[in-house]
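Structural overview
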Amino acid sequence: MKLQRKNRLRALTLGAVAVSGALALTACGSDDTGGSDDASSGTGNSSNAQAGSIKCDDAKGELLANGSSAQKNAIDAWVKNYTAACKDVRINYKPDGSGAGVTSFLQGQTAFAGSDSALKPEEIEKSKSVCKDSQAIDLPMVGGPIAIGYNVPGVDNLVLDAPTLAKIFDDKIKTWDDDAIKALNPDAKLPSTKIQAFHRSDESGTTDNFTAYLKAAAASDWKYEGGKVWQAKGGQSATGSSGLAQQVTQTAGAISYFELSYATNGIKTVDVKTKAADPVKATVDNASKAIGAAKVVGEGKDLALQLNYDPSDEGAYPITLVTYEIACEKGNKADTLPATKSFLNYIASEDGQALLKDNSYAPLPDEIATKVRDTISGLS
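Residues numbered from 1 in each chain as written. Predicted model: local features only at pLDDT ≥ 70, side-chain atom pairs only at ≥ 80, totals over all residues. Heavy atoms only, no water.

1. Details of the side chain of Thr 83
Secondary-structure assignment places Thr 83 in helix α1 (residues 72–85). Its relative accessible area of 7% is what places Thr 83 among the buried residues. Polar contacts involving the side chain of Thr 83 include one to the main-chain carbonyl oxygen of Val 79, which spans 2.7 Å. (Helix = DSSP H or I, 4+ residues; strand = E, 2+ residues; numbered from the N terminus. Buried < 20%, exposed > 50% of the residue type's maximum accessible area, 1.4 Å probe, protein only. Polar contact = N/O pair within 3.5 Å; in protein donor to acceptor, adjacent residues only side chain to side chain.)

Right under this line is the structure:
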């Protein structure tokens, strides 16, 4: 499902193309729960393809991947270009979610995985049994905003802040004409319609990032620990970002969270009030501003990022997601290492990253992208 809507984030959850199967790779985990159960393989040419920038080297065989559904659309575009140039490689990506991706990787089933959140310390420790004499590392690859989609008849523009969102998703604010929402939207004609808040039913890096935002920016109103599993009481659930978007489309009074590229078919998105003077729209450019301020907090070759969920910079969208490709730093299997490095080198390249904005994703800032490329070149 490739959604090409301007300023709408492609549902790619920065991801992992986990590689395994017949040519099982040494793996590292993937992260986000997906919106599709079908594996996707890409062939053919693309108007965006610049085959000269793709170096196949000794790449061959089949790469099986699973993980983040958020990055699926980006993976699809990359695979199409890459396999057109490297005809001896076949890539299958299954967007079954970050949690499933990480699990598969840590079980040694894939060569690398896609995840919407960096590996936890205990997952890195577990990866040492898969990455011989080494460990898994996080490679940032795809960025973009997590949009808050809503369906409130008669309301075309809506502003919410972190405390109000926390109360909505914790079932503390129950109708759209609540005083807290009115205060943020004095000119809107808010109905008394019941709020229908939807969250992910599956383990999801998108949930992890959204709740991290609530915890950081509305600590007094969001008392949950956070993580890939939804913890708040109340609300309704659906599987995958596509499932949440579908519920918003068909349910009056609905509100939910998903990657911007899923905000199609007339779904309106919330402008988020931050410490800046003006509310911030969910756009690729505004997500890039937030990613540009992120700090690398991983140790050694690990490039896990720390985002600022409570920014004061004008135009920095606070609910921003970065997806990671998770791979072994060393100890990869010899028969699949060439294809793994070749593909990762392409998607981290200038041409690979340039493809993201065309698909409503946010490219990595140059400083981070350079570190990612250097790290990939050293995989062994």
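2. Observations regarding the state of the cysteines
For the coordinates displayed, the defined rule picks out two disulfides. The side chain of Cys 56 participates in a disulfide bridge whose partner is Cys 86; the two sulfur atoms lie 2.0 Å from each other. The S-S bond linking Cys 56 to Cys 86 shows a torsion near -95°; that makes this disulfide left-handed. Remark: Cys 86 occurs in the loop between α1 and β3 (89–94) and Cys 56 occurs in the loop between β1 (40–41) and β2 (61–66); sequence separation between them is 30 residues. Put simply, Cys 131 and Cys 328 are joined by a disulfide, and their sulfur atoms are 1.9 Å apart. For the disulfide bridge between Cys 131 and Cys 328, the dihedral angle about the S-S bond is near -70°, and by the sign convention the bridge is left-handed. One end of the pair, Cys 131, is in the loop between α3 (121–127) and β5 (136–151); the other, Cys 328, is in strand β14 (residues 320–328), and 197 residues separate them in sequence. (Disulfide = S-S within 2.5 Å.)

3. Some remarks on the packing of helix α9 (residues 337–348) against helix α11 (residues 366–377)
Two numbers describe how α9 lies on α11: the axes approach to 10 Å, and their chain directions differ by 170°. Classified by the angle between their axes, α9 and α11 sit roughly antiparallel to one another. For the pair formed by α9 and α11, the contact residues are Lys 341, Leu 344, Asn 345 and Ala 348 on the first element and Val 372, Arg 373, Ile 376 and Ser 377 on the second. Of the residues that constitute the contact of α9 with α11, the class distribution is four nonpolar, two polar and two charged. (Axes fitted to C-alpha atoms, helices over the stretch in contact; angles between N-to-C directions. Parallel < 35°, antiparallel > 145°, perpendicular 65-115°, else oblique. Contact = heavy atoms within 4.5 Å. Nonpolar A, V, L, I, M, F, W, Y, C, P; charged D, E, K, R; others polar.)

4. A word on the nonpolar core
Trp 78, Phe 169 and Ile 255 are the most contacted members of the largest nonpolar core, which totals 106 residues. Examining the composition of this core, we find that nine residues originate from one element, β5, more than from any other. In this structure Phe 169 touches Ala 197, Phe 198, Phe 210, Trp 222, Trp 230, Ala 232, Lys 233, Ile 255, Ser 256 and Tyr 257, once residues within four positions along its chain are discounted. (Core = buried A, V, L, I, M, F, W, Y, C linked by side-chain atoms within 4.5 Å.)

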